[in-house]
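# Coordinate analysis (summary)
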Amino acid sequence: MTQQIEKNYEEAKKLYEQHGIDVEQALKRLEQIKISMHCWQGDDVRGFLNRDQELTGGISVTGSYPGAARTAAELRADLEKAFSLIPGKHKVNLHAIYADTDERVELDRLEPRHFQSWVDWAKAQGLGLDFNPTCFSHEKSKDGFTLSHPDPEIRRFWIDHCKASRKIGAYFGEQLGQTCVTNVWIPDGFKDIPVDRMSPRQRLKDSLDEIFAEELDPKVHLDAVESKLFGLGSEAYVVGSHEFYMGYGIRNNKLICLDAGHFHPTETISGKLSSLALFASGILLHVSRPMRWDSDHVVILDDELMDIGRELVRNDLLGKTHIGLDFFDASINRVAAWVIGTRNTIKSLLRAMLEPVETLKKAELEGDYTTRLALMEEFKSYPFGAVWDYYCAKMGVPVREQWLEEVKAYEKAVLLKRG
Ligand code: RNT
Ligand code: ZN
């Protein structure tokens, strides 16, 4: 750590302390927060099972930046590189198609052993793991329906896949000694206006009931359900809508997953947290950045990200919220995409912790909205960067844009050598 970093930090600390903000305490809290970094930014959501299948399900990755991971070993190397540039100990979020096996195994027959290399690696790295069934990019999902499919045989396949996925998630949780969240997202929906909106939802409900029938120890495993407004090819109607999963999750004690890109363009997930938290047993976030649509751009430190951080910190929701990332950009260096999005998510939490929340709440309660606005604005130019730099240095990761040189060197030495 350079003397300059320390000096800047000490001065910033004094300024924050004048408003009763305990900076050291904030950094200690920050260190405890785990971000679930999604593996699929590393290879454009391709995975290793069925690599010949095109990406379907109404999601899309654009760009052809060189260096996408082709094997589990490459993906793990890339993840390690990214984590070495991000402060803290975190989690990796896997999808079923990232099974690391030479066997030709169908999704409904997957077992924990097909993920043993991931578990061994996570143990060695001190990382947690989260999981997702992959209900897309498959022959049996090509007409756009999975768990709500009218054909009971196709439904059966996807139900069995989701059941198998929960077993894998529970294995992760047991082996790693930290709770694994398995998140169910399905693409089911209609491109054009449907006649029957109800029956597919009834079928989805029944499928979910069967998937979740087996109780799993919440210390090792939690289920989450992810809603969506529309997708490419399901513009008119999505079976698993927000209302559907709000209802399902609250009634059945499932984590409700809010993806930042899954709502109307001006609708934010930050605004929903305080309501949901009063009724849901827990929340999963898919922090993403929609641009005009659910485009899954790399997360930047914009107003919405900062508001998410503020809502979590001010309302003390970090205990019941699992923070995951969900973006995929193939037009830039993929390791850099992870580093930028993850560092920003951590930054948003730190910034929120460095706001004079007690003073602001008091002003609001007393009806002093002038003070509320004045302080919120002035704090935007408080020396947050000095605290962030100190935190990075203390945690042994590069300060400011120094990480970029490491990514460039890695690109030259490793990524560009991939075919
Ligand atoms: C799709 C959902 C879902 C996926 C990942 C790959 O719109 O956001 O979370 O992005 O499961
Ligand atoms: Zn998502």
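Details of the structure are given in the entry above.
Per chain, residues are indexed from 1 in the order of the written sequence. Lettering of chains starts at A and numbering of ligands starts at 1, both following the order in which they are written. With the structure being a predicted model, the display of local features is reserved for residues of pLDDT at least 70 and the display and counting of side-chain atom pairs for 80 or more, all residues being used for whole-chain, interface and lining totals. Heavy atoms from the whole structure form the basis of all side-chain values; hydrogens and water molecules are not counted.

This next bit is on the coordination of the zinc ion (ligand 2). For the zinc ion (ligand 2), the full set of protein donor atoms is E226 (OE), D259 (OD), H286 (ND1) and D326 (OD), and the range of their distances to it is 2.1 to 2.2 Å. Coordination shells were defined by N, O and S atoms within 2.8 Å of each metal, extended to 3.2 Å for Na, K and Ca; water is absent from the atom set, which can make sites look incomplete. Here the donor residues of the zinc ion (ligand 2) are spaced in sequence according to E-x32-D-x26-H-x39-D. Residue D259 is found in strand β8 (residues 255–259), and its partner H286 is found in strand β9 (residues 283–287); the two are separated by 27 residues along the sequence. Summarising the burial analysis for this pair, D259 and H286 share the class buried. Think of it this way: any DSSP run of H or I at least four residues long counts as a helix, any run of E at least two long counts as a strand, and we number them from the N terminus. Three exposure classes are used, based on accessible area relative to the maximum for each residue type with a 1.4 Å probe and protein chains only: buried under 20%, partly exposed in between, and exposed over 50%.

Next up on the list: the nonpolar core. Nonpolar cores are built from buried Ala, Val, Leu, Ile, Met, Phe, Trp, Tyr and Cys residues. Side-chain atoms within 4.5 Å join them into one set. Residues L94, W118, L147, F172 and L208 are the most contacted members of the largest nonpolar core, which totals 121 residues. The leading source of residues in this core is helix α10 (residues 334–353), at 10 residues. If sequence neighbours within four positions are ignored, F172 has contacts with L94, F115, V119, L129, D130, F131, G177, Q178 and C180. By size, the runner-up hydrophobic cluster in this structure holds five residues, among which are A224, L255, C257 and L284. By the convention used here, residues are in contact when the closest approach between their heavy atoms is within 4.5 Å.

We now examine the packing of helix α9 (residues 303–314) against α10. Helix axes are fitted only over the stretch in contact, all axes being lines through C-alpha atoms; the angle between N-to-C directions runs from 0 to 180 degrees. With their axes 8 Å apart at the nearest point, α9 and α10 run at an angle of 55 degrees to one another. Accordingly, the angle class assigned to the pair α9 and α10 is oblique. Where α9 crosses over α10, the handedness of that crossing is right-handed. Here L305, M306, G309, R310, L312 and V313 of α9 come into contact with α10, specifically with N344, T345, S348, L349, R351, A352 and M353. All residues other than Ala, Val, Leu, Ile, Met, Phe, Trp, Tyr, Cys, Pro, Asp, Glu, Lys and Arg, Gly among them, are scored as polar; the first ten of these are nonpolar and the last four charged. Among the residues forming the contact of α9 with α10, the class breakdown is seven nonpolar, four polar and two charged. Oblique is the label for any angle not covered by the other classes, which are roughly parallel (under 35 degrees), roughly antiparallel (over 145) and roughly perpendicular (65 to 115). Take the far helix as your reference; a near helix turned counterclockwise from it by less than a right angle gives a left-handed crossing, and one turned clockwise gives a right-handed crossing.

Residue proximity to a molecule or strand is established when one non-hydrogen atom of the residue lies within 4 Å of it. Taken together, W40, I59, H95, W185, E226, K228, D259, H262, H286, D294, D326 and F328 are the residues near ligand 1. Take H262: an N or O atom from its side chain is 2.9 Å from an oxygen atom of ligand 1. With the chains in place, 99% of the 310 Å² that ligand 1 exposes on its own is no longer accessible. The class makeup of the residues in the shell around ligand 1 is four nonpolar, three polar and five charged. Within 3.5 Å is the distance limit for a polar contact, defined as a pair of N or O atoms, with the added protein rule that one can donate a hydrogen and the other accept it, and that residues adjacent in sequence qualify only through two side-chain atoms. Accessible surface is estimated by sampling points in the Shrake-Rupley manner with a 1.4 Å probe; for residues, cover comes only from the protein chains shown.

On to the pattern of salt bridges, then. One side-chain nitrogen of Lys or Arg within 4 Å of one carboxyl oxygen of Asp or Glu is enough to make a salt bridge. Applying the stated criterion across every chain yields a total of 29 salt bridges. R70 is the partner of E74 in a salt bridge, and the nearest nitrogen-oxygen pair spans 2.5 Å. With a relative accessible area of 15%, E74 lands in the buried category. A salt bridge links D100 to R76, with the shortest nitrogen-to-oxygen separation between them at 3.0 Å. With a gap of 24 residues between them, D100 in the loop between β2 (91–95) and α4 (116–125) and R76 in helix α3 (residues 72–83) connect regions that are remote in the sequence. Look at R76 and you get buried, because its relative accessible area is 12%. Residues joined in a network through salt bridges with shared partners are R70, E74, D78 and R418.

The next subject is the packing of aromatic side chains. Think of it this way: a Phe, Tyr or Trp ring, Trp meaning its six-membered ring, pairs with another when their centres are within 6.5 Å, and the plane angle makes it stacked under 30 degrees, edge-to-face over 60, tilted otherwise. Applying the stated criterion to the full structure yields 17 aromatic pairs. Ring centres of F115 and F131 lie 5.1 Å apart, and the angle between their planes is 85 degrees; this geometry places the pair in the edge-to-face category. Of this pair, F115 sits in the loop between β2 and α4 while F131 is found in strand β3 (residues 128–132), placing the two residues 16 residues apart along the sequence. Residue F115 is classed as buried on the basis of its relative accessible area of 0%. Exposure remark for F131: the relative accessible area of 0% places this residue in the buried category. Their ring planes at 80 degrees and their centres at 5.7 Å tell us that W118 and W121 sit as a pair that is edge-to-face. Taken together, the positions of W118 and W121, both in helix α4 and three residues apart, correspond to about one turn of that helix. Ring pairs connect the aromatic residues F212, F244, Y245 and Y248, which therefore count as one cluster. Between K140 and the ring centre of F157, over which it is positioned, the NZ or CZ distance is 4.8 Å. In this scheme, Lys NZ or Arg CZ marks a charge over a ring once it lies within 6 Å of the ring centre and within 35 degrees of the ring normal.

Before going further, it helps to examine a nonpolar patch on the surface. A surface patch of nonpolar side chains, amounting to about 350 Å² of accessible area, comprises I250, L278 and F279. Positionally, I250 belongs in helix α7 (residues 242–252). With relative accessibility at 33%, the residue I250 sits in the partly exposed group. For patches, a residue must show more than 30% relative accessible area and have no salt bridge; joins then use 9 Å for like charges and 5 Å for nonpolar side chains, namely Val, Leu, Ile, Met, Phe, Trp and Tyr.

This next bit is on the pairing of β8. Counting buried positions along β8 gives five out of five residues, so the element sits mostly inside the fold. Because side chains alternate across β8, one face comprises the buried residues L255, C257 and D259, and the other comprises I256 and L258, equally buried. Whether two strands pair comes down to DSSP finding at least two bridges between them. Here strand β6 (residues 221–226) pairs with β8 via three bridges, running parallel. What sits directly across from E226, in β8, is C257.

At D44, a position not held by glycine, the phi torsion is positive, near 60 degrees. By the secondary structure assignment, D44 is in the loop between β1 (35–38) and α3. Although it is not a glycine, R292 adopts a positive phi angle of roughly 70 degrees. Looking at where R292 falls in the secondary structure, it is placed in the loop between β10 (289–291) and β11 (293–297). Classification of R292 by relative accessible area gives exposed; the value is 78%.

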